[in-house]
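Here are the chains, one letter per residue:
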Amino acid sequence: METISENRCFGGVQGVYRHKAKSTGCDMTFGLFLPPSAARGPVPVLWYLSGLTCTHENAMTKAHAQAHAAQHGIALVFPDTSPRGEGVADDPAYDLGQGAGFYVNATQDPWAAHFRMWDYISTDLPRVLMANFALDEGRQAITGHSMGGHGALTLTMRLPGRFASVSAFAPIANPSQSDWGRKQLTAYLGTDQAAWAGHDATLLMRETGFDGPVLIDQGSNDQFLDLLKPEALAEAMTARRQSGIFRMQPGYDHSYFFVSSFIGDHIAFHAQAFAE
């Protein structure tokens, strides 16, 4: 593992690191914020999965999460959204290829060789983190924005016992029924829609739900509402009587102004789950 940078931040350390990942077959970069309390022993960890076009850096610099995490003694992990580099497949469109990994294990060419973000987030990166930093493996939670919200919700429901809580900002909630999902799921997983079901939060909510608290924030002025389909997830949560909160935030859009406005609520929500 290579240290790219480490900066003092709210009494803790905001680092950026690079390592070789077996799952993606290339170097991967991630950000990690360690709160001041990490100097005294392992701390709980909150994963933040970013959305389309993002790298590890977007949320690290725009979400304004570190102050809240330092207050609650929580580490923050900011993974990249896809494999990158020479020889890694890409596409001219912003919503496919590099920057648009969708947190799945691709099975179709030319994506299958490197686009295995499910394995990277669920297996490879956790091993690196737990081996090198003062993190409490038994206390993990996850959140994400847009495509990252989709990843956070699907990982939580398919990895029971891994995460104490899950939250999401404007998640792609029903990708199998959305143009912002059908294109990518077809490209990465093929035309058999049975293979898509494990990557659709609404379908997973209907089938299994989550044995823990859920918090969803969605902006009412989000320019991508028709693609996100939040109403489908809200209906699935209601039908399953899922323990959770779904908030429609008046006037907010899809930007990091929206995320930064409510990130404090989300970190406090996860801190409460760690305390229970």
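Residues numbered from 1 in each chain as written. Predicted model: local features only at pLDDT ≥ 70, side-chain atom pairs only at ≥ 80, totals over all residues. Heavy atoms only, no water.

**Student:** I would appreciate a short explanation of the overall build of the protein chain in the present structure.
**Tutor:** When helices and strands are tallied, the protein chain shows 9 helices and 9 strands. What you see for the protein chain is a C-alpha radius of gyration of 17 Å, in line with the 19 Å of a compact globule of 276 residues. Counting only C-alpha atoms, the protein chain reaches 50 × 45 × 35 Å along its principal axes. Residues classed as buried in the protein chain amount to 59% of the 276 residues present. Of the contacts made within the protein chain by residues no fewer than 6 positions apart, 72% connect residues no fewer than 24 positions apart. Total accessible area on the protein chain is roughly 11100 Å²; 48% of this is exposed by carbon and sulfur atoms. Side-chain charges in the protein chain split into 19 positive and 27 negative, and the spacing between the mean points of these groups amounts to 5 Å. (Helix = DSSP H or I, 4+ residues; strand = E, 2+ residues; numbered from the N terminus. Rg over C-alpha atoms; globule rule 2.2 N^0.38 Å. Buried < 20%, exposed > 50% of the residue type's maximum accessible area, 1.4 Å probe, protein only. Contact = heavy atoms within 4.5 Å. Areas by Shrake-Rupley, 256 points an atom, 1.4 Å probe, with all protein chains shown as cover. Lys, Arg positive; Asp, Glu negative; His and termini not counted. Charge placed at Lys NZ, Arg CZ, Asp CG, Glu CD.)

**Student:** Any chance you could explain the state of the cysteines here in plain terms?
**Tutor:** A covalent bond bridging the sulfur atoms of two cysteines is what the word disulfide describes. Taken as a whole and assessed by the stated rule, the structure comprises 0 disulfides. A disulfide-free cysteine, C9 has its sulfur positioned 19 Å from the sulfur of C54, the nearest such atom. For the unlinked cysteine C54, the closest cysteine sulfur is that of C26, found at 18 Å. (Disulfide = S-S within 2.5 Å.)

**Student:** Even after reading the chapter, I still don't get the pattern of salt bridges, so can you show me in this structure?
**Tutor:** Pairing between side chains of opposite charge can happen when the charged atoms of each approach one another. One pass over the full model with this rule turns up 8 salt bridges. R18 is paired through a salt bridge with E2; the nearest N and O atoms lie 2.9 Å apart. Remark: E2 occurs in strand 1 (residues 2-9) and R18 occurs in strand 2 (residues 12-21); sequence separation between them is 16 residues. For R18, a relative accessible area of 29% puts it in the partly exposed group. (Salt bridge = Lys/Arg side-chain N within 4 Å of Asp/Glu carboxyl O.)

**Student:** Would you explain the packing of helix 3 (residues 117-132) against helix 4 (residues 147-158) in this entry?
**Tutor:** To describe two helices that pack against each other, one gives the angle between their axes and the distance between the axes. At a minimum axis distance of 12 Å, the contact between helix 3 and helix 4 shows a crossing angle of 60°. Our classification of the angle between helix 3 and helix 4 gives oblique. With respect to the hand of their crossing, helix 3 and helix 4 are arranged in right-handed fashion. Contacts between helix 3 and helix 4 involve W118, I121 and S122 from the former and T154, L155 and R158 from the latter. Among the residues making up the contact of helix 3 with helix 4, the classes are represented as 3 nonpolar, 2 polar and 1 charged. (Axes fitted to C-alpha atoms, helices over the stretch in contact; angles between N-to-C directions. Parallel < 35°, antiparallel > 145°, perpendicular 65-115°, else oblique. Left-handed = near helix turned anticlockwise from the far one by under 90°. Nonpolar A, V, L, I, M, F, W, Y, C, P; charged D, E, K, R; others polar.)

**Student:** Looking at this structure, how should I read helix 4?
**Tutor:** Each α-helix turn comprises 3.6 residues. Residues three or four places apart therefore point the same way. The end-to-end C-alpha separation of helix 4 is 17 Å, in line with the 16 Å expected for 12 residues at 1.5 Å each. When you tally the buried positions in helix 4, you get 11 out of 12 residues, the bulk of the element. Taken as a whole, helix 4 has its buried residues at M147, G148, G149, H150, G151, A152, L153, T154, L155, T156 and M157. (Expected span 1.5 Å × (residues − 1).)

**Student:** Looking at this structure, how should I read the packing of aromatic side chains?
**Tutor:** Aromatic rings in a pair are described by how distant their centres are and how their planes are angled relative to each other. A complete count under the given rule lists 11 aromatic pairs for this structure. Measuring from ring centre to ring centre gives 6.0 Å for F169 and F258, while their planes differ by 85°; the resulting arrangement is edge-to-face. Separated by 89 residues along the polypeptide, F169 in strand 7 (residues 166-169) and F258 in helix 9 (residues 256-275) bring together distant segments of the chain. Comparing F169 with F258, the two get one shared label, buried. When the centroid spacing of 4.8 Å and the interplanar angle of 40° are considered together, the rings of W180 and F224 count as tilted. A residue pair is termed long-range when its members are at least 10 positions apart, and W180 in helix 5 (residues 179-189) and F224 in the loop between strand 8 (214-219) and helix 7 (225-228) qualify at 44 residues. The buried category is assigned to W180, whose relative accessible area is 4%. What makes F224 partly exposed here is its relative accessible area of 25%. Within the aromatic cluster, the residues linked to one another by ring pairs are F169, Y252, F258 and F262. If you follow R158 out to its NZ or CZ, it ends over the ring of W118, 4.2 Å from the centre. (Phe/Tyr/Trp six-rings, centres within 6.5 Å; stacked < 30°, edge-to-face > 60°. Lys NZ or Arg CZ within 6 Å of the ring centre and 35° of its normal.)

**Student:** Can you help me understand the pairing of strand 7 in this one?
**Tutor:** Residues in a regular strand project their side chains so that they alternate between the two faces of the sheet. Where burial is concerned, the two faces of strand 7 agree: the one with V166 and A168 and the one with S167 and F169 are both buried. Both strand 7 and strand 8 contribute to a ladder of 4 bridges, which runs parallel. The residue of strand 8 that forms the bridge with F169 is D217. (Pairing = 2+ DSSP bridges.)

**Student:** For this particular structure, what's the right way to read the environment of D222?
**Tutor:** Within the fold, D222 resides in the loop between strand 8 and helix 7. For D222, a relative accessible area of 5% translates into the label buried. Each C-alpha atom, one on D222 and one on S255, is 8.3 Å from the other, the two residues being 33 residues apart in sequence. For D222, the contacting residues outside a window of four places in its chain are A170, L228, Y252, D253 and H254.

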